[in-house]
2 protein chains.
Amino acid sequence: MIAKIKVTLKKGISDPQGQAIKGSLQTLGFGNVQDVRVGKYIEILIDEQEMKTAEEKVKEMCEKLLANPVIEDYTFEITEV
Amino acid sequence: MIAKIKVTLKKGISDPQGQAIKGSLQTLGFGNVQDVRVGKYIEILIDEQEMKTAEEKVKEMCEKLLANPVIEDYTFEITEV
């Protein structure tokens, strides 16, 4: 199975990287860019047959390592390979 | 409109960050993790009414700034806010 995980900064948390990209895009002429938020996209290949078990494990991976619960949110979807 | 962009390393390009996360997950007891690939997830808020125009602009943003065409691929979807 493959898990596709998005880790994003929580609303209200400042995003200097996003602001830097926004400035660069505007400098390149993309004047209608209003806001940019940058996060992580992680794909994990797991040797697991049961969808429910895979979901529990990916949730645990996110909470233990992949996302900082204080400043980040995460979402994921799992598909058969 | 909001563009949701995934920037990922092309197949065959080494991913030291992904390998480091894989090692950490296995150390934490997730033995069935076979591979990890890490990329960027970027959300851009654009003041644009036409979907087609927005798509063209996001494509241009990806090719000019957000993705390195030599080592990265990108995909995106655009939704009304």
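One can find the structure itself at the top, above this paragraph.
Residues numbered from 1 in each chain as written. Chains lettered and ligands numbered in written order. Predicted model: local features only at pLDDT ≥ 70, side-chain atom pairs only at ≥ 80, totals over all residues. Heavy atoms only, no water.

Engineer: When you look at the environment of B:F76 in this model, what are you seeing that I'm missing?
Structural biologist: Residues and elements named next belong to chain B. For F76, the location among the structural elements is in strand β3 (residues 72–79). Between the C-alpha atoms of F76 and G12, which are 64 residues apart in sequence, the distance is 22 Å. Discounting residues that sit within four places of it in the chain, F76 has contacts with K4, I5, E55, V58, K59 and C62. (Helix = DSSP H or I, 4+ residues; strand = E, 2+ residues; numbered from the N terminus. Contact = heavy atoms within 4.5 Å.)

Engineer: How should I be thinking about the pattern of salt bridges in this particular structure?
Structural biologist: When their charged atoms lie close together, side chains carrying opposite charge are able to pair. Residue and element names in this part refer to chain A. One pass over the structure, following the stated rule, counts 12 salt bridges over all chains. Two residues, K40 and E72, come together in a salt bridge whose shortest N-O distance is 3.8 Å. Pair noted here: K40 is in strand β2 (residues 33–46) and E72 is in strand β3 (residues 72–79), with a separation of 32 residues, a long-range link. (Salt bridge = Lys/Arg side-chain N within 4 Å of Asp/Glu carboxyl O.)

Engineer: What am I meant to see in the interface of chain A and chain B here?
Structural biologist: How big an interface is tends to be expressed through the accessible area that disappears when the partners come together. Across the boundary between the two partners, chain A contributes 30 residues, which contact 30 residues of chain B. Overall, the association of chain A and chain B removes approximately 2,900 Å² of surface from exposure, summing both partners, and the carbon and sulfur fraction of that is 67%. Summed over the three residues of chain A that lose the most area to chain B, namely A:F30, A:N32 and A:Y41, the buried surface amounts to 22% of that side. The tally of links between chain A and chain B comes to zero salt bridges. The interface formed by chain A and chain B contains 12 residue pairs in polar contact (both at pLDDT 80 or more). Elements with a minimum of two residues in the side of chain A that touches chain B: β1 (2–9), α1 (16–27), β2 and α2 (51–66) of chain A. (Buried area = accessible area lost by both parts, 1.4 Å probe. Polar contact = N/O pair within 3.5 Å; in protein donor to acceptor, adjacent residues only side chain to side chain.)

Engineer: I tried to follow the relation of the copies chain A and chain B on my own but got confused; where do I start?
Structural biologist: These two copies of the chain differ by a rotation about an axis and a displacement along the same axis. Once chain A is rotated about the relating axis by 180° and shifted along it by 0.0 Å, it coincides with chain B to within an RMSD of 0.0 Å. The two molecules are tied by a two-fold rotation axis, judged by turn and shift. Most of the interface of chain A is mirrored in chain B, where 100% of its interface residues again form contacts. (Least-squares fit on C-alpha atoms with pLDDT ≥ 70 in both.)

Engineer: Help me out: how do you make sense of the side chain of A:E48 in this one?
Structural biologist: Secondary-structure assignment places A:E48 in the loop between β2 and α2. Judged by its relative accessible area of 14%, A:E48 falls in the buried class. A distance of 3.1 Å separates a polar atom in the side chain of A:E48 from a polar atom in the side chain of B:N32. Excluding residues that lie within four positions of it along the chain, A:E48 makes contacts with A:M1, A:T53, A:A54, A:K57 and B:N32. (Buried < 20%, exposed > 50% of the residue type's maximum accessible area, 1.4 Å probe, protein only.)

The values are spatial; any link to function lies outside them.
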